[in-house]
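# Chain and residue survey
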Amino acid sequence: MNPKKRFLLVSIVPQSASNEQVFQEIQELKYLVDSYHGKVCEILLQHREVYDKGQYIGAGKITEAAEIVKEQKIDVVVLNAAVLPGHLHDIKSLLHPANPLIEVWDRVDLILEIFSLHAKTAESRLQIELAGMRHMGPRIYGMGMVLSRQAGGIGGRGIGETNTERMKRHWRDQMKKTELKLKKLSEDREKQLQRREKNGVH
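Notes on the structure follow. This one's a predicted model, so the numbers in the text were calculated from it and none came from an experiment.

So, how was this worked out
- Residues numbered from 1 in each chain as written.
- Predicted model: local features only at pLDDT ≥ 70, side-chain atom pairs only at ≥ 80, totals over all residues.
- Heavy atoms only, no water.
- Helix = DSSP H or I, 4+ residues; strand = E, 2+ residues; numbered from the N terminus.
- Buried < 20%, exposed > 50% of the residue type's maximum accessible area, 1.4 Å probe, protein only.
- Contact = heavy atoms within 4.5 Å.
- Areas by Shrake-Rupley, 256 points an atom, 1.4 Å probe, with all protein chains shown as cover.
- Axes fitted to C-alpha atoms, helices over the stretch in contact; angles between N-to-C directions.
- Parallel < 35°, antiparallel > 145°, perpendicular 65-115°, else oblique.
- Left-handed = near helix turned anticlockwise from the far one by under 90°.
- Nonpolar A, V, L, I, M, F, W, Y, C, P; charged D, E, K, R; others polar.
- Phe/Tyr/Trp six-rings, centres within 6.5 Å; stacked < 30°, edge-to-face > 60°.
- Expected span 1.5 Å × (residues − 1).

### Let's talk about the overall build of the protein
Helix and strand counts for the protein come out as six helices and four strands. For the protein, the sequential pattern of α-helices and β-strands runs β-α-β-α-β-α-β-α-α-α. Burial statistics for the protein: of 202 residues in total, 36% are counted as buried. Considering only residue pairs separated by 6 or more positions, the protein has 76% of its internal contacts joining residues 24 or more positions apart. Carbon and sulfur atoms make up 54% of the accessible area of the protein, which amounts to about 12800 Å² in all.

### Notes on the packing of helix α2 (residues 58-72) against helix α3 (residues 85-95)
Orientation of α2 relative to α3, taken along the N-to-C sense of each, is 55°, at an axis distance of 9 Å. By the angle class used here, α2 and α3 are oblique. Regarding α2 and α3, the two cross each other, and that crossing is right-handed. Contact residues: Ile62, Ala65, Ala66 and Val69 in α2; Ile91, Leu94 and Leu95 in α3. Grouping the amino acids of the contact of α2 with α3 by side-chain chemistry returns seven nonpolar, no polar and no charged.

### Here's the deal with the packing of aromatic side chains
With the rule as written, the count across this model stands at four aromatic pairs. Consider the rings of Phe7 and Trp105, whose centres lie 5.9 Å apart with planes at 70°: the pair is edge-to-face. You can see Phe7 sitting in strand β1 (residues 6-13) and its partner Trp105 sitting in strand β4 (residues 103-106), a full 98 residues away along the chain. The interplanar angle of 25° and the centroid separation of 5.4 Å between the aromatic rings of Tyr51 and Tyr56 together place this pair among those described as stacked. You can call Tyr51 partly exposed: its relative accessible area is 38%. Aromatic ring contacts, followed pair by pair, group Phe7, Tyr36 and Trp105 into a single cluster.

### What to know about helix α1 (residues 19-35)
With 17 residues, α1 extends 24 Å between its outermost C-alpha atoms, agreeing within 8% with the 24 Å of an ideal straight helix rising 1.5 Å per residue. Among all positions in α1, only Val22, Ile26, Gln27, Leu29, Leu32 and Val33 are buried. Contacts from the buried residues of α1 go to β1, β2 (39-47), β3 (76-79) and α4 (107-118).

Structure, rendered in structure tokens:
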């Protein structure tokens, strides 16, 4: 049996939030990790009204998170929100020295991973795959900005845009292929049901 992945949960807590609200949100996130068969090793809270536009949780908390990742041998950091792709990418890059294999997910990623883990049929697996691709759509556009920013300057912008176009094209192609597979499975299942009904099998 594979060892459980070790999780660090990160949540931004507005000053207006009550202790009960904070507890409930964290409990919900912990239940999700339990559903994934993971182990919550640490919870990191940041009290602020809005996320940091630069690094989502700010440089100080990133440093604190990196220390926890290293000391607790964390496999996955989960941010308790739907997070912009650039922020996820930046946080992963900043945590990379603490653990080169670190994964950084937002709440939607975690839910999709749970669905994928528990998908039993070929059809349900394709449905999860398609949902994951739809979730990735906005992130591909966001990654273009990240790539452009990394390339630097006006001269480097074309590199990011070219990579983004490739990613978007690949994403659209994969979406179409998965949709066709799902449609065929659905049609095959419908035909099978019709045959069973025709033959009086229930």
